[in-house]
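One letter stands for each residue in the lines below.
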Amino acid sequence: MSNYTSAEIHQAVTVLKSQGLSNQDILAEAEQLFDFNQQLYVANILQESDFGSKIIRPVKNYDHDYLFAIIYQAVTSGTDCDRIIDVCSEELNLEDLAFSKLALEYVLINRYISTYERDAFILELYKQYQESKSYQDFVKLASSTKNIYLKQLVYKTAELVAKKTGEIPSLSLPNSKTNPNNSNLISSTEQEIGEVEEKFDLKVGDTLVETLNDFGISCSYIDTKVGPTFKRVKIKLKKGVSYKKVQGLGNDLVQQLGEELGFENPPMISVVPGAVVFDIPRLERQIAHFSDYVDLTSEIDINRIVIPGGVDVDGNYIEISLCDSNVYHTLGGGMTGGGKSQYEKAMVLYLALRYPPSLVKLALSDVKLVSLTCFNGLPHLIAPVAEDAANTLQIFNYLVAEQELRYEEFKRVGVENIKEYNQMFPDCLMPRIVSVTDECFDLLSDSTYKEPIEMDLMKLLAKAGAAGINIFLFTQRPDKDVIKPLIRSNCSGKVAFMVSRPEDSGIILGNPDDNRAASLLGSGDMLYKSPKGVMRLQGLFLGTKADFGDYLNQAMNTSTDIPCWDSGLDFSSLSIESISNNQSEEVSFSIELNDLTKSQIHSLHSRGYELHQIFK
């Protein structure tokens, strides 16, 4: 084998190449015929041959329109750009290769973006917008984004991030002066992020419908509403599809869509007229600041004394009227961190700031000493904030006595409720009394005072509303055995914050099957239920301690010189001793009810009638 000369080996390789053998085939032949050094010589010949063919290409002309068309087709079909360049480098002469590189760059910058590509890009961009810490992240992303349409969205988002974080951009983003093609790319209006969010919402809706279809649930997307805490996606179920098929899908949706849509907690699923709604947590919750929503300056309507409710899914601020005969009294509950204390404080603070003591008086109880004791000293208080069961009972006894005196006054002047009375005597109004009791569970489980407290609550819940006395009861532990059904049923308003157990949700909302409060997100995310239905709201945030302190100081200095109706009842005269003596001196009596009467009472109660209505 060693007798072959270099020239003979070179000629043999040339002949084999001309016959169409590949480099691998020639090397395999060389291993059979030559020694090691001769094999290396064959490999070198092949490398030189390949290099030469790349430098001295055969002249093979392609029509440039044809080249542009196949490159555009390759890009739109998703072919990787490096793969396109590799193929062109192998097949084209130098002139056509140069044209192909320019054509590829042009297509990447100017081509039409498909709906699928746009939605996928917007979805990822929106996630980055929610998580971003600096606009610089988007400047970098824009520099690596070829397509001019997608680059527009990135630069818009960069400016919005700078606005959100309070940064001052240190470089000039593209504008009409520096780049005439980008004259409309940057604007500081909220409409721009609305464009991104709207397309993201559409993507969320389409993805949710697709996933439900995979579960065998035929449905269609209606729209998406955005609240401070969540996005409400409205879905129309096809005819014949039961709500029960989607009711329990929360955890399945987290498993299927949590990573793609960026949520960890199961969406709350509920029915609204004509549709089913999925409340999907927002990637970045918005804070509903007390100062941004409450009205402390407009003219007061004495027939519509209100408290803050919260912000609904459409961003509308909802107020709760204390004068609504359907919702005189309210039961609320939720675990620590749910926002219950913040809600109570916002309610009391608003009443003290908005209304003078001649219109609204307050009766507060806080046995936990953490939520309401800060309001001691308000001119609206009928007594210092009760800090134990004994003092709370004293307040309830006062309210019961006040209630009876008010009804005597109504009888004297010939009216039935506080609204009619204040219309008759506009120059000397009867003030409304708002009683807020935090942690009623402790009071109603107190072995010494639970029975008299329970009895007073029964009397107040039965008919105090028409007399202008509103009862609010709050608890962390809504135990059905402690908070009796008669108390719960006579609180027609319900406020449910985040709970740890689904059964707690059912107790608060008055329906054992309603476990939606277990899907709330805490920090003021709540459900408000009235006879008109259930609303999901974001409660108001009072701000920093300094902000709250400023409001509280303002409330402490509220004017008290406006005349109002006074029952003449002295709270200090209702000592604990006198209450105990009065209770011990009560005359016992019994009422005999026949079976028909008992049946009628039971029927009325089961149909939702309140005590005072049953008495009538």
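Residues numbered from 1 in each chain as written. Predicted model: local features only at pLDDT ≥ 70, side-chain atom pairs only at ≥ 80, totals over all residues. Heavy atoms only, no water.

**Quick look at the nonpolar core**
Then, number 1: Counting residues in each nonpolar core, the largest one holds 46 residues, and the members touching the most others are Phe290, Leu349, Leu351, Leu362, Leu364, Phe375 and Val436.
Then, number 2: At the level of elements, β5 (306-311), β6 (317-321), α14 (340-354), β8 (360-366), β9 (432-438), β10 (469-475), β12 (525-530) and α21 (545-556) are the ones that each hand at least two residues to this core.
Then, number 3: Looking at this core, the element that brings in the most residues is α14, giving nine residues.
Then, number 4: Look past the residues within four positions of valine 436 in its chain and what remains in contact with it is Glu344, Met347, Val348, Ala363, Leu364, Ser365, Leu372, Phe472 and Phe474. (Core = buried A, V, L, I, M, F, W, Y, C linked by side-chain atoms within 4.5 Å. Buried < 20%, exposed > 50% of the residue type's maximum accessible area, 1.4 Å probe, protein only. Helix = DSSP H or I, 4+ residues; strand = E, 2+ residues; numbered from the N terminus. Contact = heavy atoms within 4.5 Å.)

**Considerations on unusual backbone geometry**
Then, number 1: Of note, leucine 369 is a non-glycine position whose phi angle comes to about 65°, a positive value.
Then, number 2: Looking at where leucine 369 falls in the secondary structure, it is placed in the loop between β8 and α15 (389-413).
Then, number 3: Even without glycine at this site, serine 523 takes up a positive phi of about 55°.
Then, number 4: Tracing the chain through its elements places serine 523 in the loop between α20 (502-509) and β12.

**A word on the confidence of the model for the protein**
Then, number 1: Across the protein, the average pLDDT comes to 83, with 82% of residues at 70 or higher.
Then, number 2: In this model, residues 175-190 is a region of pLDDT below 50 whose contacts with residues beyond four sequence positions or in other chains number 24 contacts.
Then, number 3: The low-confidence segment residues 577-590 (pLDDT under 50) makes seven contacts with residues lying over four places distant or belonging to another chain. (pLDDT = per-residue confidence, 0-100.)

**Thoughts on helix α4 (residues 64-76)**
Then, number 1: The terminal C-alpha atoms of α4, which comprises 13 residues, lie 18 Å apart, in line with the 18 Å expected from a rise of 1.5 Å per residue.
Then, number 2: The set of residues buried in α4 consists of Leu67, Ile71, Ala74 and Val75. Considered in projection along α4, the buried side chains sweep an arc of 95° and stay on one side of the axis. Turned more than 90 degrees from where α4 packs its buried face, Asp65 and Gln73 sit exposed.
Then, number 3: Summarising the contacts, the buried residues of α4 are in contact with α5 (81-91) and α6 (94-110).
Then, number 4: Sitting at the head of α4, aspartate 63 places a side-chain oxygen 3.1 Å from the backbone nitrogen of aspartate 65.
Then, number 5: Within two residues after α4, glycine 78 carries a phi angle of roughly 95°, on the positive side. (Expected span 1.5 Å × (residues − 1). Arc of directions from axis to C-beta. Polar contact = N/O pair within 3.5 Å; in protein donor to acceptor, adjacent residues only side chain to side chain.)

**Comments concerning the layout of surface pockets**
Then, number 1: Approximately 830 Å³ is the volume attributed to the second largest pocket.
Then, number 2: Lining the second largest pocket are 36 residues, and of these Tyr243, Met268, Ile269, Ser270 and Arg516 sit closest to its centre.
Then, number 3: Counting residues per element, the ones that place at least two in the lining of the second largest pocket are β1 (219-226), β2 (230-237), α12 (250-261), β3 (268-272), β4 (275-281) and β13 (533-538).
Then, number 4: Here the lining of the second largest pocket takes five residues from β3, the largest share from any one element. (1 Å grid on protein atoms, 1.4 Å probe; cavity = no way out; pocket = protein on both sides within 12 Å on 5 of 7 lines; lining within 4 Å. Points joined across faces, edges and corners; volume = space filled by probe spheres on them.)

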